[in-house]
Amino acid sequence: MKEQKRNRGKSISGFNQSSASKTKKASSFLDKMKARLSGGHFRMLNEKLYTCSGEDALNYFKENPELFNVYHAGYQEQMLHWPEQPVNIITKWLKDRSPSLIVADFGCGDARLARSVKNKVWSLDLVANDPSVIVCDMSNTPLESSSVDVAVFCLSLMGTDYPSFLQEARRVLKPRGWLLIAEVKSRLDPTTGGADTNNFLKAICELGFTIESKDFSNKMFVLFYLKKKEKQNSVDKEINWPELKPCIYKRR
């Protein structure tokens, strides 16, 4: 009798272990499928942002605001694979300067920069996941002219009309104000189909900026530090802006 109970106990225990194992495998499979679907949505949205205008992107997310969360979840997942993130370098750069400098963060995402520094930061993006974020097209912000000390584009020159974003930065910046640009390295590498860095910087200088420094030390991105010229000439001649190829993430 005791032997039968022991066998029955082993049988029930084995069944429970087998059932738990199957449940774990099923859960793992579902998690992988959800990750694939999420990754697919991110790649689709990422490509769209690189291949449409800022106005079109704004209208798209107005109609589908929930997709902005999908995009940024995928973006953050991609950033986990980067050894260093440009927002951290820009944060340190600001902390080494006066907290009185007013900053405009174009394409702020989750407004991380604003949360990391003491400066007044105008956080600008297509959707507001935070009450402090101003929803707008990056080429048409509500900021006053010559009201900002630092304009930041941290991996956010994504639209086909990206020059208009930089024109807007010039408008809102004070004379001698800083323009900081962090960009994916491959977009400025002619050997991989990207734009020529010199042509890119030449166009920005013709817009009314001077180059203060360039940082190519990182494997994933480049950083440019520019200043708005004290005296601005009217930009009458057409600037030859190079095309920045979309940064399309590979399926993992």
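Predicted model only: the values in this text are computed from it and were never measured.

Reading the values: rules and limits
- Residues numbered from 1 in each chain as written.
- Predicted model: local features only at pLDDT ≥ 70, side-chain atom pairs only at ≥ 80, totals over all residues.
- Heavy atoms only, no water.
- Helix = DSSP H or I, 4+ residues; strand = E, 2+ residues; numbered from the N terminus.
- Buried < 20%, exposed > 50% of the residue type's maximum accessible area, 1.4 Å probe, protein only.
- Contact = heavy atoms within 4.5 Å.
- Pairing = 2+ DSSP bridges.
- Axes fitted to C-alpha atoms, helices over the stretch in contact; angles between N-to-C directions.
- Core = buried A, V, L, I, M, F, W, Y, C linked by side-chain atoms within 4.5 Å.
- pLDDT = per-residue confidence, 0-100.
- Polar contact = N/O pair within 3.5 Å; in protein donor to acceptor, adjacent residues only side chain to side chain.
- 1 Å grid on protein atoms, 1.4 Å probe; cavity = no way out; pocket = protein on both sides within 12 Å on 5 of 7 lines; lining within 4 Å.
- Points joined across faces, edges and corners; volume = space filled by probe spheres on them.
- Nonpolar A, V, L, I, M, F, W, Y, C, P; charged D, E, K, R; others polar.
- Phe/Tyr/Trp six-rings, centres within 6.5 Å; stacked < 30°, edge-to-face > 60°.

Engineer: Got a minute to help me understand the overall build of the protein in this structure?
Structural biologist: On a plain count of helices and strands, the protein comes out with seven helices and seven strands. Along its sequence from the N terminus, the protein presents helices and strands in the succession α-α-α-α-β-α-β-β-β-α-β-α-β-β. Expressed as a percentage of the 252 residues in the protein, the buried residues total 44%. Restricting to contacts in the protein with at least 6 residues of sequence separation, those with at least 24 account for 67%.

Engineer: Before we go on, may I ask you to explain the sheet that holds strand 4 (residues 148-154) in this structure?
Structural biologist: Strand pairing within a sheet occurs via backbone hydrogen bonds; the two strands may be parallel or antiparallel. Ordered by their spatial adjacency, seven strands build an open sheet running 3-2-1-4-5-7-6, and the pairing between neighbours is mixed. Looking at the sheet topology across the chains shown, the edges are occupied by strand 3 (133-135) and strand 6 (209-215). The average undirected angle you get between the axes of adjacent strands in this sheet is 20°. Sheet topology places strand 1 (residues 103-106) next to strand 4; four bridges connect them, and they run parallel. The partner of A104 across the bridge, within strand 4, is A151. Each of strand 1, strand 4, strand 5 (173-184), strand 6 and strand 7 (221-228) touches helix 6 (residues 162-172); the most contacted strand, strand 5, lies at about 150° to it.

Engineer: Quick question: what am I supposed to make of the nonpolar core here?
Structural biologist: Where a protein is soluble and globular, its nonpolar side chains tend to be buried together. Grouped together as the largest cluster of nonpolar side chains are 39 residues, with contacts concentrated most on I90, L94, V150, V152 and L180. Of all elements in the fold, only helix 1 (2-50), helix 2 (54-63), helix 3 (66-79), helix 4 (86-95), strand 4, strand 5 and strand 7 reach the threshold of two or more residues within this core. With residues up to four places along the chain from it excluded, the contact list for L94 reads V103, L113, V117, N119 and V150. L143, A151, Y162 and I204 belong to the second largest nonpolar core, which has 32 residues in total.

Engineer: Any chance you could explain the confidence of the model for the protein here in plain terms?
Structural biologist: Note: predicted coordinates in regions of low pLDDT should not be interpreted at a detailed level. When the pLDDT values of the protein are averaged, the result is 84; 81% of them are 70 or greater. Low pLDDT, under 50, characterises residues 22-39; the stretch is placed with two contacts to residues that sit more than four places away or in other chains.

Engineer: Teacher, can you tell me more about the environment of L157 here?
Structural biologist: With respect to the helices and strands, L157 occurs in the loop between strand 4 and helix 6. Counting along the chain gives 51 residues from L157 to F106, while the straight-line C-alpha distance between them is 8.8 Å. If we ignore the near neighbours within four places in the chain, the residues touching L157 are Y162, F165, L166, I181, E183, R187, F200 and L244.

Engineer: When you look at the environment of S147 in this model, what are you seeing that I'm missing?
Structural biologist: Topologically, S147 is positioned in the loop between strand 3 and strand 4. The exposure class of S147 is buried, given its relative accessible area of 18%. For the pair S147 and A104, spaced 43 residues apart in the sequence, the C-alpha separation amounts to 9.5 Å. Side-chain polar atoms of S147 contact the backbone oxygen of E144, separated by 2.6 Å.

Engineer: When you look at the side chain of D137 in this model, what are you seeing that I'm missing?
Structural biologist: Tracing the chain through its elements places D137 in the loop between strand 3 and strand 4. At a separation of 3.4 Å, a polar atom in the side chain of D137 contacts the main-chain amide nitrogen of E55. Filtering out sequence-adjacent residues up to four positions away, D137 remains in contact with G54, E55, L58 and F165.

Engineer: Can you help me understand empty space enclosed by the protein in this one?
Structural biologist: Gaps between atoms show up when a probe of the same size as a water molecule is rolled over them. Counted according to the given criterion, the structure contains one cavity of 30 Å³ or more. Reported here for the largest cavity is a volume of approximately 530 Å³. What lines the largest cavity is a set of 34 residues, and nearest its centre among them are H72, G107, C154, L155 and S156. Examining the composition of the lining of the largest cavity, we find that six residues originate from one element, helix 3, more than from any other. When its residues are assigned to classes, the lining of the largest cavity shows 20 nonpolar, 10 polar and four charged.

Engineer: Looking at this model, I keep getting lost on the pairing of strand 6. Mind explaining?
Structural biologist: Side chains on a regular strand alternate between the two faces of the sheet. Bridge analysis of strand 6 against strand 7 gives six bridges, and the strand direction is antiparallel. Across the sheet, T210 pairs through a bridge with K227, a residue of strand 7. Connecting strand 6 to the next strand, strand 7, in antiparallel fashion are five residues.

Engineer: When you look at the packing of aromatic side chains in this model, what are you seeing that I'm missing?
Structural biologist: What the rule picks out here adds up to 10 aromatic pairs. Each ring, one from W93 and one from W178, has its centre 5.1 Å from the other, and the planes form 75°; the classification is edge-to-face. Placement of the pair is W93 in helix 4 and W178 in strand 5, with a sequence separation of 85 residues. You'll find W93 and W178 in the same group, each marked buried. Taken together, a centroid distance of 6.0 Å and an interplanar angle of 35° make the contact between W93 and Y225 tilted.

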